[in-house]
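Below are the chains, spelled out letter by letter.
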Amino acid sequence: MTSTAIAVTGLRKAFGDKVVLDGLDFDVAAGSVFSMLGPNGAGKTTTVNVLATLLKADAGTVRVAGHDVATETRQVRAAIGVTGQFAAVDELLSGRENLQLMADLKRVRSGDQVVGRLLERFDLVEAADKMSSTYSGGMRRKLDLAMTLVGSPRIIFLDEPTTGLDPRSRRTMWGIVRELVADGTTIFLTTQYLEEADQLADQVVVLDQGRLVAQGTPEELKRQVPGTHVRLRFADLDELDAAARVLAGATRDDQELILRMPSDGQSRSLRALLDRLDEHDINAQEFSVHTPDLDDVFLALTGRPSAEAVAQ
Ligand SMILES: Nc1ncnc2c1ncn2[C@@H]1O[C@H](COP(=O)(O)OP(=O)(O)OP(=O)(O)O)[C@@H](O)[C@H]1O
Ligand SMILES: [Mg+2]
């Protein structure tokens, strides 16, 4: 039997007359990675703040580690660690001192050893005694996460932990998340990166304007969008017209000069398609086989491309 680490029902929150969370319901299984995806302003940080007892909800029930966040704040706080969207590092202290301070606050036994191990794990040994104001953004994020891990909380909230990290640091972070989960820790992760949710999450919810517009495993979400298709780009409208006449079932995008043709992606059907174009002396300038990814899910569900897709 899997137990529930976080249970949310009917969660609502407004700032003034602006409704930011509009009735959220979800459960997070203990020992899993649960990812909340959403564009800027969707309500991700607000959700984290309510779940982490930093903000009071207007309505609904939230239980974290079996305790009500509204009435059993102390018990909830004892069970969780939070890495906020903006690093909580004290600039005037070194990395080691920041960690030591956290160990003292949480009354961790053998604090020195815990701090030493965390510095190693996050590749911060060399910088350990430098003032953290001299750290790069990525190093600061890593220190921030290391501080969250002091005291080994069973449930960890990570609010956009890899935003602004280079690919290598992002992978380090992913590795650490995987290790934590292997040890039975529950991770609640918000992100704008669909690839990150795809890589790490057991369950994904997509939040848009304070509402959950989808939930499921990454695979289930991908199944909700149009399947594999072939994408053909042509030099001009005449060529596109000609191709559209011979390829029944294709959908066209006149502006981009693209035809999309559903396909199983197998070599035999791809060859048949290309032969058909050849027979009519039609040339496509570009030809690609497209398998749906979470970016497509995002676009299909929210009508907007993800931050990642825009950046590409
Ligand atoms: N303290 C506050 N007072 C008023 N409005 C707020 C407050 N905090 C957040 N909001 C508003 O609530 C909405 C959701 O904000 P939130 O920070 O939860 O979004 P987010 O999904 O974390 O976005 P991002 O990806 O940019 O971090 C936004 O419209 C924001 O302007
Ligand atoms: Mg946020």
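Residues numbered from 1 in each chain as written. Chains lettered and ligands numbered in written order. Predicted model: local features only at pLDDT ≥ 70, side-chain atom pairs only at ≥ 80, totals over all residues. Heavy atoms only, no water.

J.: Before we go on, may I ask you to explain the overall build of the chain in this structure?
T.: Along the chain, the regular secondary structure elements total 12 helices and 14 strands. Seen through its C-alpha atoms, the chain measures out along the principal axes to roughly 75 × 45 × 40 Å. Counting only contacts in the chain whose residues sit at least 6 apart along the sequence, the fraction spanning at least 24 positions is 66%. Taken as a whole, the chain presents about 16000 Å² of accessible surface, with 48% of it coming from carbon and sulfur. Here the chain holds 35 positive side-chain charges and 46 negative ones, and the gap between their average locations is 6 Å. (Helix = DSSP H or I, 4+ residues; strand = E, 2+ residues; numbered from the N terminus. Contact = heavy atoms within 4.5 Å. Areas by Shrake-Rupley, 256 points an atom, 1.4 Å probe, with all protein chains shown as cover. Lys, Arg positive; Asp, Glu negative; His and termini not counted. Charge placed at Lys NZ, Arg CZ, Asp CG, Glu CD.)

J.: I'm lost on the confidence of the model for the chain in this one. Help?
T.: Confidence in the prediction for the chain averages 90 pLDDT; 95% of positions are at 70 or higher. Mean pLDDT per element in the chain: helix H12 (residues 307-311) is the minimum at 56, and strand S1 (residues 4-15) is the maximum at 98. (pLDDT = per-residue confidence, 0-100.)

J.: Explain the pattern of salt bridges to me, please; I cannot follow it from the model alone.
T.: Two side chains with opposite charge may pair up if their charged atoms get near one another. Following the criterion strictly, the structure yields 14 salt bridges and no others. Between Arg12 and Asp22 there is a salt bridge, with its nearest N and O atoms 2.9 Å apart. Here Arg12 is found in strand S1, whereas its partner Asp22 is found in strand S2 (residues 18-29), with 10 residues between them in sequence. For Glu91, the salt bridge goes to Arg140, with nearest N and O atoms at 2.8 Å. Of this pair, Glu91 sits in the loop between strand S6 (80-83) and helix H3 (95-105) while Arg140 sits in helix H5 (residues 137-149), placing them 49 residues apart in sequence. The exposure class of Glu91 is partly exposed, given its relative accessible area of 32%. When its relative accessible area of 21% is taken as the criterion, Arg140 is described as partly exposed. What you see here is one network of salt bridges that share partners, running through Arg12, Asp22 and Arg211. (Salt bridge = Lys/Arg side-chain N within 4 Å of Asp/Glu carboxyl O. Buried < 20%, exposed > 50% of the residue type's maximum accessible area, 1.4 Å probe, protein only.)

J.: Sorry if this is basic, but what is going on with the nonpolar core here?
T.: Across soluble globular proteins, you tend to see nonpolar side chains buried next to one another. Counting residues in each nonpolar core, the largest one holds 42 residues, and the members touching the most others are Val33, Leu99, Leu118, Phe122, Leu149 and Ile187. Sort the elements by how many residues they give to this core and helix H6 (residues 167-182) lands first, with six residues. The residues touching Leu99, leaving out its near neighbours within four places in the chain, are Val115, Leu118, Leu119, Leu143, Ala146, Met147 and Val150. Counting 27 residues, the second-largest nonpolar core is a separate cluster that includes Leu21, Val62, Val69 and Ile155. (Core = buried A, V, L, I, M, F, W, Y, C linked by side-chain atoms within 4.5 Å.)

J.: Teacher, can you tell me more about the packing of aromatic side chains here?
T.: For any two aromatic rings, the description comes down to two numbers: the centre-to-centre distance and the angle of the planes. Taken as a whole and judged by the stated rule, the model has four aromatic pairs. Aromatic side chains Phe26 and Phe34 sit 5.0 Å apart centroid to centroid with 25° between the ring planes, which places their arrangement in the stacked category. Grouped by ring-pair contacts, the aromatic residues Phe26, Phe34, Phe157 and Phe188 constitute a single cluster. (Phe/Tyr/Trp six-rings, centres within 6.5 Å; stacked < 30°, edge-to-face > 60°.)

J.: I would appreciate a short explanation of the site of ligand 1 in the present structure.
T.: Taken together, 14 residues form the shell around ligand 1, and within it Gly41, Lys44, Thr45, Thr46 and Gln85 come nearest. A distance of 2.8 Å is found between an oxygen atom of ligand 1 and a side-chain nitrogen or oxygen belonging to Thr45. Summarising the interface, the protein chains cover 63% of the accessible area of ligand 1, which totals 640 Å² for the free molecule. Here the element with the most residues in the shell around ligand 1 is helix H1 (residues 44-51); it accounts for three residues. Tallied by class, the residues present in the shell around ligand 1 amount to four nonpolar, seven polar and three charged. (Near = heavy atom within 4 Å. Polar contact = N/O pair within 3.5 Å; in protein donor to acceptor, adjacent residues only side chain to side chain. Nonpolar A, V, L, I, M, F, W, Y, C, P; charged D, E, K, R; others polar.)

J.: I would appreciate a short explanation of the pairing of strand S11 (residues 229-233) in the present structure.
T.: Consecutive side chains along a regular strand alternate between the two faces of the sheet. Taken together, the five bridges between S11 and strand S13 (residues 258-262) define a ladder with antiparallel strand orientation. Its bridge partner being in S13, Arg231 is matched across the sheet by Arg260. Bridging between S11 and strand S14 (residues 286-290) involves five bridges; their strand directions are antiparallel. Opposite Val230, over in S14, you have Val289 as the bridge partner. (Pairing = 2+ DSSP bridges.)

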